[in-house]
Structures are given as structure tokens and as C-alpha cells.
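Remarks on the overall topology
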Amino acid sequence: MVSLNVNGRIVDLDVNPRMPLLWALRDFVGLTGTKFGCGRALCGACTVHIDGQAARACSIMVGDAVGKTITTIEAVSGPVADAVRAAWQKLDVVQCGYCQSGQIMSAITLLTGNRKPNDEDIDLGMEGNICRCGTYQRIRAAIHEAASTLG
Amino acid sequence: MTGWISLCRSIAKAGLSAGAVLLATWLTLHAQQGTIDRSGAPAALAAWDHIAGVLQHPRCLNCHQENVPLQGDMRRVHIPLVVRGPDNHGVGAMRCGNCHNGSGNNETSGTPGAGGPGLWQLAPSSMLWQGLSSGDLCRMLKDTARNGGRDGAKLIEHMESEPLVLWGWNPGGDRTPVPMPHDEFVNEVKTWVAGGMTCPS
């Protein structure tokens, strides 16, 4: 039995501690807002927060997440999350949307650590989140927009 | 081989007993030449050659890079791109621990990890090994101003038990482990330290 702190509640799961966290979140906790993309930590679609840090849920083992605070797109909150969400809506960032859960989680981590990122900071900080629709320009603009909102 | 031929000719010329004496002398000399002196500077230098071979293996060298780690035996740039950052652990949403587990290699995703949370990182900027000659690598490794203040005993301990070092022998996936057995490597380090950490010129 593995006990996880997910979105502010404790969930007890009868899973192998070496199971990818993404499997546990989607198939056992029922939180499907976090997407499966590549399963190899190469695309960023599965990004969640572990203790506030963006983490690839496909590559972090359940056992390594025990005792930590896991936050998914369904429950991420706070001033930075609000600013990012508003900027995403204002600039209509999303196209197909599949990668956007991961993009938003990474953007929140980036802005939490750096309230005034320049283009290079954004490119390096968001490098691991791939968008097949190519919305990178709007993602970058939305992060600048959220940064200006946060002041 | 040439020595053998001339020796056999000598035996034929000088007769069996004289030849036997000659053979015994030759074998004794040959054996002495082949014996490795396991003490002092010569031993340290011989050991260093083996140590350098390990340190220059992709499992070690790929993360002893200036700003971006390399991946695989082909040693290409890390995909996705990651950079050192102020604490050697990456920047923004691209921190090493975001993918690399604290409890070992992830067999499902293929992402490597070493025992202990938050250990995965680029080697410090004072320990950039890429492109160094064997002598320069040796001098860098033993320089306490650059190696994290490690004297010989601490270097042995580091090579013996540091999880990121040990990972080189258990890299998971299809990565080639460091070819020399770990205990042999540690013995070479001990010989090198005992011999005064001598470096090639």
C-alpha cells in the first residue's frame, strides 16, 4: 500500500512503488487532466508539481513521491496559477490542447521562481514541454503577460 | 620472440647444461621485467592510467560538462535541452530532479536515477573533464581547491560510495556500464593515493 498526498488529500493506493506516478494519478486516482505523451520524459505532457516543482509524472516513481505534496492541473491554485490561467485565456494560447496541462504546470513553476523571465529564461525553462501545434509564440507571450499581471 | 630464437641457438651451440643455465637466467630476468612494482610513484602512475580510463568513460564524462550534459555512448547533447543553472541542478521547470528519480533507474521510462533524492546534477564547474589530457585530469582531480576539498582518503571514499559514482556501474537501460569492475577501480585509486597521487607530466 502506498500513501500519496494528491491535491490536498491523502490517497491510499495498492500499487507497486516503482509504478510511474502518471499511471497512479490517471488510472488509480482518476485525475486525467494530466496527459500521457511519450512516457520517456521527453515531451512534458505529464508535468505535475511535486513540492511545487514541475515534475514529469511518467518518469517519477510512485515510491519517490511518498511524503511529498503532489499537485495536478485540476487543483493548482494561487496568485501565479491564477495569472497564468488568465493569460492563457486572454491570449487564446490553446490549439488542440493536449500538451497545455503540462505547459501550464511548467509555466507556473517558472514564474514562481522567476517573476520577470526574459525570452531566454522562458525558452530554457520551458524547453521540455513540446507542442505539436506550435503554439510556442503564444505560450511565451502568455508567460510575459502573466508576469506583468503579477507585477 | 627474437630472444627465444637466439636463446635456442645458444642452447644448441653451448650444449644442454650450459643452455639450461642460460634459460633459467633468461626466465628470471624476464620475470623480473614483467613484475609490476606495486608501491611508490611508478605504481601510482600505472594505477592512474586505469583510473583515467574510467573517468573518461561516457558514464562519468557525460555529466562533467560545462553547461549542458551529454547522453548515451554516442555522447550527444541531452534531450530535452537542460542547462546548469546557478546550483548545478538546472533552471526553471527544467531541474534534474524533475525527471531523475531519487531511488534509482526508472525501468519504465528509461530515465536514469541514483540513490538519494536531489542527487542528480551536473558536476561542479571546477570539475570539467572534457578534453583534458590524462595529466591535466589527474592534477584537477587531486587539487583540493577544485575537488571539493577532498584529500586522498576523501577521494577514495568518494569513488567507493558516492551514489552518482556507483551509478556508473549500474546505469540501467541500454547504457554501457563502466567496464572495469568497481572494486578493481577502487583498488587502483587506493594504489594511486598510496603512491603519492603521482600524475603524468
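Right above here is the structure, for reference.
Since the structure is predicted, the reported quantities are computational estimates derived from the model, not experimental observations. (Residues numbered from 1 in each chain as written. Chains lettered and ligands numbered in written order. Predicted model: local features only at pLDDT ≥ 70, side-chain atom pairs only at ≥ 80, totals over all residues. Heavy atoms only, no water.)

Okay, the overall build of chain B next. Regarding its fold elements, chain B presents eight helices and four strands. Mapped in sequence order, the helices and strands of chain B form the string α-α-α-α-β-β-β-β-α-α-α-α. Split into buried and exposed, the 201 residues of chain B put 40% on the buried side. Counting only contacts in chain B whose residues sit at least 6 apart along the sequence, the fraction spanning at least 24 positions is 53%. In the structure as shown, chain B presents an accessible area of about 10,400 Å², 60% of it carried by carbon and sulfur atoms. (Helix = DSSP H or I, 4+ residues; strand = E, 2+ residues; numbered from the N terminus. Buried < 20%, exposed > 50% of the residue type's maximum accessible area, 1.4 Å probe, protein only. Contact = heavy atoms within 4.5 Å. Areas by Shrake-Rupley, 256 points an atom, 1.4 Å probe, with all protein chains shown as cover.)

Residue and element names in this part refer to chain A. Counting across every chain of the model gives 10 salt bridges over all chains. In this structure, Glu145 engages Lys90 in a salt bridge whose closest nitrogen and oxygen atoms are separated by 2.9 Å. In this pair, Glu145 is assigned in helix α6 (residues 136–150) and Lys90 in helix α3 (residues 79–90), connecting sequence segments 55 residues apart. Accessibility expressed as a relative area gives 58% for Lys90, which makes it exposed. Beyond isolated ion pairs, a larger network of salt bridges with shared partners links Asp119, Asp123 and Arg140. (Salt bridge = Lys/Arg side-chain N within 4 Å of Asp/Glu carboxyl O.)

What follows deals with the packing of helix α4 (residues 100–113) of chain A against α6 of chain A. Residues and elements named next belong to chain A. One can describe the packing of α4 onto α6 by two numbers: an axis separation of 11 Å at closest approach and a directional angle of 40 degrees. Between α4 and α6, the crossing angle belongs to the class labelled oblique. For α4 against α6, the interelement crossing comes out right-handed. On the side of α4, the interface is formed by Gln100, Gln103, Ala107, Leu110 and Leu111, while α6 contributes Ile139, Ile143, Ala146 and Ala147. Split by residue class, the contact of α4 with α6 holds seven nonpolar, two polar and no charged. (Axes fitted to C-alpha atoms, helices over the stretch in contact; angles between N-to-C directions. Parallel < 35°, antiparallel > 145°, perpendicular 65-115°, else oblique. Left-handed = near helix turned anticlockwise from the far one by under 90°. Nonpolar A, V, L, I, M, F, W, Y, C, P; charged D, E, K, R; others polar.)

Residues and elements named next belong to chain B. Under the criterion given, the structure shown has four aromatic pairs over all chains. Residues Trp48 and Trp192 carry aromatic rings whose centres are separated by 5.2 Å and whose planes lie at 40 degrees to one another, so their mutual orientation is tilted. Here Trp192 lies in helix α8 (residues 182–194) and Trp48 lies in helix α3 (residues 40–55), a separation of 144 residues in the sequence. Given a relative accessible area of 1%, Trp192 falls into the buried group. When the centroid spacing of 5.0 Å and the interplanar angle of 90 degrees are considered together, the rings of Trp120 and Trp167 count as edge-to-face. Of the two residues, Trp120 sits in the loop between β4 (94–95) and α5 (134–142) while Trp167 sits in helix α7 (residues 163–167), which places them 47 residues apart along the sequence. Overall, Trp167 belongs to the buried group, its relative accessible area being 10%. (Phe/Tyr/Trp six-rings, centres within 6.5 Å; stacked < 30°, edge-to-face > 60°.)

This part takes up empty space enclosed by the protein. Residues and elements named next belong to chain B. This model, assessed by the stated rule, comprises one cavity of 30 Å³ or more. Approximately 30 Å³ is the volume attributed to the largest cavity. Contributing to the lining of the largest cavity are Cys96, Gly97, His100, Asn101, Gly102, Ala114, Gly116, Gly118, Leu119 and Trp120. Within the lining of the largest cavity, the residues separate by chemical class into four nonpolar, six polar and no charged. (1 Å grid on protein atoms, 1.4 Å probe; cavity = no way out; pocket = protein on both sides within 12 Å on 5 of 7 lines; lining within 4 Å. Points joined across faces, edges and corners; volume = space filled by probe spheres on them.)

In this structure, Trp48, Leu55, Trp129, Leu141, Phe185 and Trp192 of chain B are the most contacted members of the largest nonpolar core, which totals 28 residues. Residue assignment for this core shows that the elements contributing at least two residues are α3, α4 (58–61), α5, α6 (152–161) and α8 of chain B. Looking at which element gives the most residues to this core, the answer is α3 of chain B, with seven residues. Once residues lying within four places of it in the same chain are set aside, the contact partners of Phe185 of chain B are Ile51, Val54, Leu55, Met159, Trp169 and Met180 of chain B. Counting 23 residues, the second-largest nonpolar core is a separate cluster that includes Val15, Leu25, Leu31 and Val48 of chain A. (Core = buried A, V, L, I, M, F, W, Y, C linked by side-chain atoms within 4.5 Å.)

Before going further, it helps to examine the pairing of strand β1 (residues 2–6) of chain A. All names here are of chain A. The alternating pattern of β1 places Val2, Leu4 and Val6 on a buried face, while none of Ser3 and Asn5, on the opposite face, is buried. Relative to strand β2 (residues 9–13), β1 is paired through five bridges, and the arrangement is antiparallel. Note that in β2 the partner of Val2 across the bridge is Leu13. Counting the residues that bridge the hairpin from β1 to β2 gives two residues, and of these Asn7 lies at a positive phi of roughly 50 degrees. Looking at chain direction, β1 and strand β5 (residues 69–71) are connected through two bridges and run parallel. When the bridges of β5 are listed, Val6 appears paired with Ile70. (Pairing = 2+ DSSP bridges.)

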